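What follows is the residue order along each chain.
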Amino acid sequence: MQTKPVLSLDCEEQVFDLSFHPSRSLVAAGTIEGQVLCFDYGQDLSADAAEPSAEPSLLFNRSLHKHSCRSVDFGLGGAELFSVSKDKSLQMVDLSTGKVRLRKGDAHGEPINIVKSLGADLLATGDDSGCIKIWDTRQRRSVRKYHENRDFIADLEYSASKDTLLAAGGDGCLSIFDLKQSKPVNVSASQDDELLSVKLVRDGARALVGTQSGTLLLFTWNDWGDCTDRFPGHPMSVSSLVKETETTLFTGSSDGIVRSISLFPNQLIGAVADTGEAMPIEKMRASWDAAWLGTCSHDQYIKFWTPQVSMRVSDDDDEDDDDQDDSDEDGEGVGVDNDSFGDDDSEDDGEEQDLDDEVTAAIAKKLKGLKGRAGDGEGEDGEDEGDWEDEDASHDDDDDDEDGNAGDGIDGRSTKPAKKAKADKADKATTAAKPAKPAKTQPAARFASMRNGSDSDDYDHAGGSGSSRSKKRQKKTNTRLAFQKEKGKRTAFFSGL
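Residues numbered from 1 in each chain as written. Predicted model: local features only at pLDDT ≥ 70, side-chain atom pairs only at ≥ 80, totals over all residues. Heavy atoms only, no water.

1. A closer look at the pattern of salt bridges
Pairing between side chains of opposite charge can happen when the charged atoms of each approach one another. Under the defined criterion, the tally for this structure stands at 10 salt bridges. The salt bridge involving Asp121 is made with Arg138; its shortest N-O contact spans 3.4 Å. Of this pair, Asp121 sits in the loop between β10 (112-117) and β11 (122-127) while Arg138 sits in the loop between β12 (132-136) and β13 (141-146), placing them 17 residues apart in sequence. Residue Asp121 is classed as partly exposed on the basis of its relative accessible area, which comes to 27%. For Arg138, a relative accessible area of 62% translates into the label exposed. Notably, a salt bridge pairs Arg138 with Asp136, separated by 3.3 Å at the nearest N-O pair. (Salt bridge = Lys/Arg side-chain N within 4 Å of Asp/Glu carboxyl O. Helix = DSSP H or I, 4+ residues; strand = E, 2+ residues; numbered from the N terminus. Buried < 20%, exposed > 50% of the residue type's maximum accessible area, 1.4 Å probe, protein only.)

Spelled out as structure tokens, the structure:
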């Protein structure tokens, strides 16, 4: 990106606008003091030039206006130079003599902001109130007048093939005028932004508009109601547009950077020049041979830049960016291992399993406490239903041991020492964790005991094999009921979390 201009022309006063000659190496400028200057910047390749000039030279410097000269433009034939001013005047200078050929003191009722040459004898001017006038230099008067915009006219663009004029207004509206008609063809809806520049692209099928916010707006021909596309990206206002091809343009922005952009697709190609943050680009024009870009800022110089892009986005880079985006969506290329997601799920499942085990152990302890020394038919580790019969016998033996009895189980059968030790350990842990409560199986157990002729308070030791089987079935039933009840409580508890 260029940071120093190839050539600087000193105009002695702050430059408001510049214009390149359509066929010669001439550039004109209007200054804040009302001066109009014309330079020959060298490399004149016109047919009537004896030899190329090596150094820039000042052709003339005329004080034509009482106030600032806001805009200048060469005629399409290149024989005259037009200028407009804050003093509301319009003037035409003959380049061959440097004298004023046409002067209109009160061309507008408001200060004139822009002048645009439309043909050999036609030009257009726009003022601060939004009024546009079409002038015929042969008749020395205006032949058309339009006043559709409500704020200043910032820029004008002309389509010679369709004889149509486009006006970008500070009120946010783009106005379209057929010069054969006295009324506008269309006026767009307000874009809620100041429109500062306009340029036709795609062989006149589209109009590109620069705004105060920096967003570029695209309008479609014959569909002027609203913009059809937006191209954001400029951090500050886009005050000038220069067309390189039908789909590539140079933009001059208030951040002082000249950029190259492409349309369809819309993308930033790169930066061309940086005039400095303190030097916002007010106007930018291209030379007749497209060899130079000329800019003017808040200083007294016309600066020349070569239209070369220092950073260009290639198709390969676009493909690489697309591949990177795809890999990012898949979780790759951003330092993330896809397998780690499965590990996280496994850890979450493990935590849930640990929680389930803790809740299950708590329920088992509570069931043991509810059944007391009668046992719950389950071991400490939760043996399945097929082991309940032996476990019940071992719990009964534990009850006998606590009463000082021998290790005989139900029906006089003895249990194995290993099972007895395991049952002792389980009962002690359960008793220490929570005091035993009266077993809910007491009524059924007493009924079974009375049926077998026993009225003992120790209903766990009622004699007879039938009584033992009845007690076991009843305990299993009560255990299942209690487990289902605790399961319902657990479900309600977790649902409330």
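Read on for the rest.
2. Notes on the sheet that holds strand β15 (residues 164-169)
Reading across the sheet, the 4 strands line up as β14-β15-β16-β17 and stay open at both edges, with antiparallel pairing between neighbours. Each edge of the open sheet is held by one strand with a lone partner, namely β14 (153-159) and β17 (184-187). If you compare each strand with its neighbour and ignore which way they point, the axes differ by 20 degrees on average. Bridge count for β15 against strand β16 (residues 174-178) is 5 bridges, and the pairing is antiparallel. Paired with Ala168 across the strands is Leu174, a residue of β16. (Pairing = 2+ DSSP bridges. Axes fitted to C-alpha atoms, helices over the stretch in contact; angles between N-to-C directions.)

3. Concerning the environment of Leu249
Structurally, Leu249 is set in strand β23 (residues 248-253). On the basis of relative accessible area, Leu249 is assigned to the buried category, the value being 0%. Separated by 12 residues in sequence, Leu249 and Ile261 place their C-alpha atoms 5.5 Å apart. Beyond its immediate chain neighbours, meaning those up to four positions away, Leu249 contacts Lys199, Val201, Leu208, Val242, Lys243, Glu244, Arg259, Ser260, Ile261 and Leu263. (Contact = heavy atoms within 4.5 Å.)

4. Description of the environment of Asp178
Of note, Asp178 is situated in strand β16. In this structure, the C-alpha to C-alpha distance between Asp178 and Thr164, residues 14 residues apart in sequence, is 4.6 Å.

5. Focus: the environment of Ser89
For Ser89, the position within the fold is in the loop between β7 (80-85) and β8 (90-94). Between the C-alpha atoms of Ser89 and Cys69, which are 20 residues apart in sequence, the distance is 9.5 Å. Ser89 has contacts with His65, Ser83, Val84, Lys104, Gly105 and Ile112, leaving out every residue within four places of it along the chain. A distance of 2.6 Å separates the side chain of Ser89 from the side chain of Asp87, its partner in a polar contact. (Polar contact = N/O pair within 3.5 Å; in protein donor to acceptor, adjacent residues only side chain to side chain.)

6. Structural notes on unusual backbone geometry
In this structure, the amide linkage connecting Phe264 to the following residue, Pro265, adopts the cis form with an omega of 10 degrees. Checked against the element boundaries, Pro265 lands in the loop between β24 (257-262) and β25 (267-274). Of note, Ala290 is a non-glycine position whose phi angle comes to about 60 degrees, a positive value. Examined against the element boundaries, Ala290 turns out to sit in the loop between β26 (283-286) and β27 (293-296).

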